[in-house]
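What follows is the residue order along each chain.
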There are 2 protein chains.
Amino acid sequence: MIIALAQLNYHIGNFERNTTAITSAIQEAKNKGADIVVFAELAIGGYPAKDLLRSPAFLDGCENSLAEIASQCQGIACIIGAPVRNTSGKGKPLYNAALFIVDGKVQQVVHKGLLPDYDVFDEYRYFQPADDFKCITYKGRKVALTICEDLWNIAVPKLYQRSPMDVLKEENPDLIINIAASPFSYNQLRERMEVLQTHAQQANVPLLYLNQIGAHADIIFDGRSIAMDASGELVDMMASFEEQLNYYELGNRTVSAWHGPVTVLPPLDTPLIHQALLLGIRDYFAKSGFKKAVVGLSGGIDSAVVAALACEALGAENVMAVLMPSVYSSDHSVTDALDLVRNAGCRHEIIPIQPMAGEFEQSLGTAFDGLLPDVTEENIQARIRGTLLMSFSNKLGYILLNTSNKSEAAVGYGTLYGDMAGALGVIGDVYKTQVYHLASYINREREIIPQHTIVKPPSAELRPGQKDSDSLPDYELLDSVLFQYIENEKSALQIIALGFEETLVHRVLNMVDRAEFKRFQSPPILRVSSKAFGAGRAMPLVARYPA
Amino acid sequence: MIIALAQLNYHIGNFERNTTAITSAIQEAKNKGADIVVFAELAIGGYPAKDLLRSPAFLDGCENSLAEIASQCQGIACIIGAPVRNTSGKGKPLYNAALFIVDGKVQQVVHKGLLPDYDVFDEYRYFQPADDFKCITYKGRKVALTICEDLWNIAVPKLYQRSPMDVLKEENPDLIINIAASPFSYNQLRERMEVLQTHAQQANVPLLYLNQIGAHADIIFDGRSIAMDASGELVDMMASFEEQLNYYELGNRTVSAWHGPVTVLPPLDTPLIHQALLLGIRDYFAKSGFKKAVVGLSGGIDSAVVAALACEALGAENVMAVLMPSVYSSDHSVTDALDLVRNAGCRHEIIPIQPMAGEFEQSLGTAFDGLLPDVTEENIQARIRGTLLMSFSNKLGYILLNTSNKSEAAVGYGTLYGDMAGALGVIGDVYKTQVYHLASYINREREIIPQHTIVKPPSAELRPGQKDSDSLPDYELLDSVLFQYIENEKSALQIIALGFEETLVHRVLNMVDRAEFKRFQSPPILRVSSKAFGAGRAMPLVARYPA
């Protein structure tokens, strides 16, 4: 039996586009002679559709798509994920389902049992868990068809006496198929492999794991679908962040690539993050119907990396860089930014902000009479820049890309409505030290990020001679503490026990806690780590935080 | 048996404060001769503590508080809500529990079974559902002790064969007690009453329902705890939005107020919303440790109402109004604003924005050469005002109150980083037409909102002679359509079927869908309706919406 895995990029609610992509893949797989073609979890409608799942019009759209897709399944069977209505009148109104379509008809519907509701997931908000688990049978072969989390066995196991695979194993299947919507984080691949290996070995059958690719504002799906032997041996891994249609032949306890094996090259972290961010930018624009971006360029590394990524993702001709020097800007801030513009090939404008800053100072003179300059004046500069950048957005339809990094977002080292403005946070889940790695990687073939931007000490340049190190610990140290607090969820005491200096740890954690109100109003952030600011981290705004 | 209901205001994570309030109430109830005192759901630690529930330090704080509270329960029993650890090693790490404390010791722990995960709730993220349900017994009386949703029977009923009350009823209890954290929305009281009545009548026993009061940024708890006879007759309703300690005597199938009955006066919507917003403002400041607010005053009704509410909630001496007229401002915009300042008694500053606006225009002249004025120039004005207001916040520590109403937020009639700036959206869940009702109510004894502000046609005054009605439908009509779409979740077709004009409906719904990216970056909004923008409405940012 030949099984086609269709690793596609879905667009939430864009039924025409998704249906065309799905039916094209069905046609191609049929022409190549596949017996069955497999699509990802909730491929119809897209994932995560969130509260659109409450819209009757959206659900009608899903049903119409399904009818059209089913009509194409003549001479080839199909497995595809979709929301289906729960008509029992009891419980949540929908199931997260895998539909098994043969001869143009839905022959069997498999419901998802384990519904994740941790981190970025909230499936209990919409879906009713499965009542039971049954294999599907096709051409004499029995398949344990499961949906994503049903192989993970960690959410609400109490719902069932036994795990979904424990039930399915009793039918002695010939193959496990798992259709997924598994978000990318740079450290998730190993766990994914281990989980799949365990199931293949325990059931002693081969396993096909199909993920999707694509991004929807924050969450990025990485693909890297997997074919695995009954021994748990990796047979093939599909591309990361790219659509692919691959074919596998099911043998006796084996599965093999059908059109020659694909090379498995697990990339290093930085190249992978680089790919993820490019897809994140590209999909945000493509799926929102935008073409052009605007970036504020300071001469520093964050904005340089974002501008370079934008040029690569969207084409340099679609990127406008705006340089907005102040009286506190060093000479090199403009020359470094111009070097980047030349290397990357984008357009630019230079607008000095002193005229506006001077008027703000004068207009506020009476109200602030006798008070010394402080962070107020620094924030005014940042907000003038935010207003100028948004004017490019308003006047010319360019989308403002935000250039804040994760270290800044964590400690609140940024100005709301100023440098925190933008439609999409490109590197908001990348720590400052990781931004440097990204910069080196971007320069792997030729200099794009100017060398001087990489070597000079980081500065917001909001007052004379200012350096980030005046207000913040050294970034190597800061990022290490932040990683323990944010990704590893360690307490102050636990971090101190790792050997970090006590006053430093309390100072950093206090900065993080106090910046929650700023992050609440920050743009959506492309997620590349296991714990990004945004959907997966939900802290109360008004609370006393534990010490 | 005398039962004290302690309707208190809890502060998330502020253990000292909560523990003091709780032990004071225990002492007072004991002195008055009560047999048992009852506190709300998750009183220890506060609700919703969200991801603080993942912090070991927070959970230690809960356990330390519990130990101190238990030690006070000598000669009086106590029922109190708290998170308790699930030590089984299976499932979620916590239970949402009601602790029954006698003679200084926890005698029985009741776990919540039905965990809401719709709208603003996400309890499945943290809690494991109960395994079973058992009554507690005290002084020969059996009590069906339940936690909030366990009386509602709507979430995940499939978890159990029978509802929690079906199980508890078999023990023939003498009383139902429900401890709750039930958020306020102006139309929720009737449903709450019906649910409680059904349970009292079905079990044929009296019922005591204890809610909490207080606000945490967006969600507001209204109190209005209830005592009800076995016949479902309302015996007493406690205060709305105020702390109270009331006493009830349990008879045979009856319950009666123990220190004379409290008059039940279900208030009209507007007074209730007025109270809710005052508590929302007051608690945001008190619990965040702030005192002073700044509001931009345009002469229009939204900012006037917010300024008046702020003066009432915080004291006029703590409110700074900033008037920022432009060349497009009408004469009356300043005089109306000054009338409000005089009536409300707050301080004010006047800062014309033309000098800044002129400089922006000139600085952008080259880049925008040959392009006509459009929304860009309007947004620049709004962002200059946002920057000026944030300067007051930065320089003087005043908290900026946002003055956007729900109609504007719905259709995106506002400027990101401009009039959408602020730490707290005061009337972001109040439609424009409701703002007028609020204004009349605020003027119920004397004129605070100037009459001219109420009668003049609404205008953003961002270009010559501009009126809201140039860009938007009449507010009566707009709000009616918005209510059907947002609160009632009706589709375009369904709203048209109600008799609204087709092109209008499509135009309004399209505006709402396209403004999702703006609302993503808006401040937290005080929630007073059943469907506010914020936690309870989760729409994808990059998606095609159904027609």
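Predicted model only: the values in this text are computed from it and were never measured.

Caption draft 1: Highlighting the overall build of chain A. A tally of regular secondary structure across chain A gives 17 helices and 20 strands. At 26 Å, chain A has a C-alpha radius of gyration in line with the 24 Å of a compact globule built from 547 residues. Overall size of chain A, expressed as C-alpha extent along the three principal axes, is 85 × 50 × 45 Å. By residue count, 56% of the 547 residues in chain A fall in the buried class. Taking contacts inside chain A between residues at least 6 apart in sequence as the whole, the part at least 24 apart equals 72%.

Caption draft 2: Seen up close, the pairing of strand 18 (residues 347-350) of chain B. Residues and elements named next belong to chain B. Relative to strand 18, strand 17 (residues 319-323) runs parallel, the two being bridged by four bridges. If you follow Met-320 over to strand 18, its bridge partner there is Arg-347. Once the chain exits strand 17 it traverses helix 7 (residues 331-344) before rejoining the sheet at strand 18, and the crossover so formed is right-handed.

Caption draft 3: Inspection of unusual backbone geometry at higher detail. Residue A:Pro48 is reached from A:Tyr47 by a cis peptide bond, and omega for that bond is 0°. Secondary-structure assignment places A:Pro48 in the loop between strand 2 (36-38) and helix 2 (56-71). Located in the positive-phi region is A:Lys139, a residue other than glycine, with phi close to 50°. Here A:Lys139 lies in the loop between strand 6 (136-138) and strand 7 (141-147). With phi around 50°, B:Lys50 is a residue other than glycine that occupies positive phi space. Examined against the element boundaries, B:Lys50 turns out to sit in the loop between strand 2 (36-38) and helix 2 (56-72).

Caption draft 4: Expanded view of helix 6 (residues 301-314) of chain B. Here helix 6 of chain B spans 20 Å end to end across 14 residues, near enough to the 20 Å set by a 1.5 Å rise per residue. Counting buried residues in helix 6 of chain B gives 13 out of 14 residues, a clear majority hidden from the surface.

Caption draft 5: The arrangement of the nonpolar core in detail. Among the nonpolar cores identified, the biggest contains 362 residues, and A:Ala307 and B:Ala307 are the most heavily contacted of them. Those residues in contact with A:Ala307, other than ones at most four positions away along the chain, are A:Val295, A:Leu297, A:Val319, A:Ala321, A:Leu340, A:Ala344 and A:Cys346.

Caption draft 6: Spotlight on the sheet that holds strand 20 (residues 424-425) of chain B. All names here are of chain B. Spatially, 18-17-16-19-20 is the arrangement adopted by the five strands of the open sheet, whose pairing is parallel. In this open sheet, the two strands that pair with only one neighbour each are strand 18 and strand 20. Examined bridge by bridge, strand 16 (residues 293-297) and strand 17 share five bridges and lie parallel to one another. Counted as the bridge partner of Gly-296 is Val-322 from strand 17. The strands that helix 7 touches are strand 16, strand 17 and strand 18; relative to strand 17, the one it contacts most, it runs at about 170°. Of the strands in this sheet, strand 16, strand 17 and strand 19 (399-402) touch helix 9 (residues 375-396), which is tilted by about 160° from strand 16.

Caption draft 7: Spotlight on the relation of the copies chain B and chain A. Mapping chain B onto chain A is achieved by rotating through 180° and translating by 0.0 Å along the same axis, at an RMSD of 0.1 Å. Each copy turns onto its partner about a two-fold axis.

Caption draft 8: View of the sheet that holds strand 12 (residues 226-228) of chain B. All names here are of chain B. With respect to topology, six strands assemble into an open sheet ordered 6-7-8-9-12-13, the strand pairing being mixed. On the outer flanks of this sheet lie strand 6 (136-138) and strand 13 (234-237), each paired with one strand and no other. Taken pair by pair, the neighbouring strands of this sheet meet at an average axis angle of 20°, ignoring direction. Of the pairings in the sheet, the one linking strand 7 (residues 141-147) to strand 8 (residues 175-179) comprises five bridges and is parallel in character. Within the sheet, the bridge partner assigned to Thr-146 lies in strand 8 and is Asn-178.

Caption draft 9: Representation of the domain arrangement of chain A within the structure. Residues and elements named next belong to chain A. Looking at chain A, the domain boundaries give domain 1 (2-266) and domain 2 (271-467). Between the C-alpha centres of domain 1 and domain 2 there is a distance of 40 Å. With 10 residues of domain 1 in contact, the opposing surface of domain 2 contributes nine residues. Breaking the side of domain 1 that touches domain 2 down by element, the ones donating at least two residues are strand 10 (213-216) and strand 11 (219-222). For the side of domain 1 that touches domain 2, the class distribution of residues is six nonpolar, three polar and one charged.

Caption draft 10: Examining the interface of chain B and chain A more closely. Between chain B and chain A, the contact holds 77 residues from the first and 77 residues from the second. Secondary-structure elements contributing two or more residues to the side of chain B that touches chain A are helix 2, helix 5 (269-288), helix 8 (354-363), helix 9 and helix 17 (516-520) of chain B. If you tally residues by element for the side of chain B that touches chain A, the top one is helix 9 of chain B, at 12 residues. Considering only residue class, the side of chain B that touches chain A consists of 42 nonpolar, 18 polar and 17 charged.

Caption draft 11: Structural view of the UniProt feature "binding site: ATP" (unreviewed entry) in chain A. All names here are of chain A. According to UniProt, the feature "binding site: ATP" (unreviewed entry) maps to Gly-296, Leu-297, Ser-298, Gly-299, Gly-300, Ile-301, Asp-302, Ser-303 and Thr-403 in the numbering used here. The greatest C-alpha distance among the residues just named is 12.1 Å, despite their covering 108 residues of sequence, which places them together in space. Along the chain, Gly-299 turns up in the loop between strand 16 (293-297) and helix 6 (301-314). Discounting residues that sit within four places of it in the chain, Gly-299 has contacts with His-332, Ser-333, Val-334, Asp-336, Ala-337 and Thr-453. Mapped onto the secondary structure, Thr-403 falls in the loop between strand 19 (399-402) and helix 10 (406-411). Among residues more than four places away in sequence, those in contact with Thr-403 are Val-295, Gly-296, Asp-302, Ser-303, Val-306, Val-426 and Ile-427.

Caption draft 12: Examining the pairing of strand 3 (residues 77-85) of chain B more closely. All names here are of chain B. The element strand 3 is largely enclosed, with a buried count of eight among its nine residues. The pairing of strand 2 with strand 3 spans three bridges and is classified as parallel. Bridging across to strand 3, Val-38 finds its partner in Ile-79. Pairing between strand 3 and strand 4 (residues 94-102): eight bridges, direction antiparallel. Bridged to Pro-83 within strand 4 is Asn-96.

Caption draft 13: Just the confidence of the model for chain A, in detail. Residues and elements named next belong to chain A. Mean pLDDT over chain A works out to 92, with 97% of the residues at or above the 70 mark. Here residues 260-268 is a poorly scored stretch, pLDDT under 50, and it has 10 contacts once near neighbours within four places are set aside; other chains count. Among the scores for the predicted complex, ipTM is 0.78 and pTM is 0.80.

Caption draft 14: Broad picture of the packing of helix 1 (residues 15-32) of chain A against helix 2 of chain A. Residues and elements named next belong to chain A. Packing of helix 1 against helix 2 brings their axes to within 10 Å, and their N-to-C directions diverge by 25°. In terms of their interaxial angle, helix 1 and helix 2 are classed as roughly parallel. Both helix 1 and helix 2 take part in a crossing whose hand is right-handed. Where helix 1 approaches helix 2, its residues Phe-15, Asn-18, Thr-19, Ile-22 and Thr-23 are matched on the opposing element by Gly-61, Asn-64, Ser-65, Glu-68 and Ile-69. Its residues assigned to classes, the contact of helix 1 with helix 2 shows three nonpolar, six polar and one charged.

Caption draft 15: The arrangement of the environment of A:Gly296 in detail. Residue and element names in this part refer to chain A. The residue Gly-296 is located in strand 16 in this model. Taking the number of C-beta atoms within 10 Å as the measure of exposure, Gly-296 has 26 and is therefore buried. Sequence spacing of Gly-296 and Arg-385 is 89 residues, and the spatial spacing of their C-alpha atoms is 7.8 Å. Other than its neighbours up to four places away in sequence, Gly-296 contacts Ser-303, Val-322, Met-324, Arg-385, Leu-389 and Thr-403.

Caption draft 16: Structural detail: helix 4 (residues 189-203) of chain A. Residues and elements named next belong to chain A. Helix length check: helix 4 (15 residues) gives 22 Å between terminal C-alpha atoms against 21 Å at 1.5 Å per residue, within 8%. Residues Leu-196, His-199, Ala-200 and Ala-203 constitute the buried set of helix 4. For helix 4, the angular spread of the buried residues around the axis is 100°, confining them to a single face. Residues of helix 4 that are exposed and point over 90 degrees away from its buried face: Arg-190, Glu-191 and Glu-194. Of the surrounding elements, those touching the buried residues of helix 4 are helix 3 (164-169), strand 8 (175-179), strand 9 (207-210) and strand 12 (226-228). Directly beyond the C-terminal end of helix 4, a positive phi value near 55° is found at Asn-204.

What counts, and where the lines are drawn
- Residues numbered from 1 in each chain as written.
- Chains lettered and ligands numbered in written order.
- Predicted model: local features only at pLDDT ≥ 70, side-chain atom pairs only at ≥ 80, totals over all residues.
- Helix = DSSP H or I, 4+ residues; strand = E, 2+ residues; numbered from the N terminus.
- Rg over C-alpha atoms; globule rule 2.2 N^0.38 Å.
- Buried ≥ 20, exposed ≤ 12 C-beta atoms within 10 Å, placed from the backbone.
- Contact = placed C-beta atoms within 7 Å.
- Pairing = 2+ DSSP bridges.
- Right-handed = clockwise from strand over helix to strand, strands pointing away.
- Expected span 1.5 Å × (residues − 1).
- Core = buried A, V, L, I, M, F, W, Y, C linked by C-beta atoms within 7 Å.
- Axes fitted to C-alpha atoms, helices over the stretch in contact; angles between N-to-C directions.
- Least-squares fit on C-alpha atoms with pLDDT ≥ 70 in both.
- Domains from an automatic or database assignment.
- Nonpolar A, V, L, I, M, F, W, Y, C, P; charged D, E, K, R; others polar.
- UniProt positions renumbered as here; feature names shortened; annotations may be inferred.
- pLDDT = per-residue confidence, 0-100.
- Parallel < 35°, antiparallel > 145°, perpendicular 65-115°, else oblique.
- Left-handed = near helix turned anticlockwise from the far one by under 90°.
- Arc of directions from axis to C-beta.

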